[in-house]
Amino acid sequence: MIKVSETAKKRIAFLMEDDGFDTATDYVRVGVKSGGCSGLSYDLKFDKALGEDDKVFEDNDIKIAVDKKSFLYLVGTTLEYSGGLNGKGFVFNNPNANRTCGCGESFSL
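- Under an unreviewed UniProt entry, the name given to the chain is Iron-sulfur cluster assembly protein, and the organism recorded is Flavobacterium saliperosum.
- UniProt's Sequence similarities (unreviewed entry) comment on the chain is quoted here verbatim: "Belongs to the HesB/IscA family."

1. Some words on the packing of aromatic side chains
Logical step 1: Enumeration according to the criterion identifies four aromatic pairs in this entry.
Logical step 2: Measuring from centroid to centroid gives 5.5 Å for phenylalanine 21 and phenylalanine 46, while their planes differ by 55 degrees, and the two rings are tilted. One end of the pair, phenylalanine 21, is in the loop between helix H1 (6-18) and strand S2 (27-34); the other, phenylalanine 46, is in strand S3 (residues 40-47), and 25 residues separate them in sequence.
Logical step 3: Look at phenylalanine 21 and you get partly exposed, because its relative accessible area is 21%.
Logical step 4: Residue placement shows lysine 55 over the ring face of phenylalanine 71; its charged tip is 5.2 Å from the ring centre.

2. Some words on the nonpolar core
For soluble globular proteins, the rule of thumb is that nonpolar side chains tend to be buried together.
Logical step 1: Within the largest apolar cluster, 18 residues are counted, with the highest numbers of intra-cluster contacts made by Ile12, Val30, Ile64, Val66 and Leu74.
Logical step 2: For this core, the elements supplying multiple residues, two or more each, are H1, S2, S3, strand S5 (62-67) and helix H2 (68-74).
Logical step 3: Each residue touching valine 66, except ones within four places of it in the same chain, is listed here: Ile2, Val30, Asp53, Asp54, Lys55, Phe57, Phe71 and Leu74.

So, how was this worked out
- Residues numbered from 1 in each chain as written.
- Predicted model: local features only at pLDDT ≥ 70, side-chain atom pairs only at ≥ 80, totals over all residues.
- Heavy atoms only, no water.
- UniProt positions renumbered as here; feature names shortened; annotations may be inferred.
- Phe/Tyr/Trp six-rings, centres within 6.5 Å; stacked < 30°, edge-to-face > 60°.
- Helix = DSSP H or I, 4+ residues; strand = E, 2+ residues; numbered from the N terminus.
- Buried < 20%, exposed > 50% of the residue type's maximum accessible area, 1.4 Å probe, protein only.
- Lys NZ or Arg CZ within 6 Å of the ring centre and 35° of its normal.
- Core = buried A, V, L, I, M, F, W, Y, C linked by side-chain atoms within 4.5 Å.
- Contact = heavy atoms within 4.5 Å.

Okay, here's the thing in structure tokens:
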């Protein structure tokens, strides 16, 4: 399962509405792709449709879609948001990551 913090929920709801998406019917798609300084990087976007291999979760009133391959890397992850002048934006607290880069956008297992 992937969890969404209260601060991430508020920011996701704002951004989804701003981009023409609806938190009641649309999804936050979370994925993992090759790249970044640590080998793997996170991918985050909005989506209106599900793929046939997607796993779907709902936490804190946010629907999350994850493809099967990415799910193996993301089990137990909490999506958080850090705003303000020194904030990093969305932050993935991934218990499976052995190493992360300084920016927090990539990781390795």
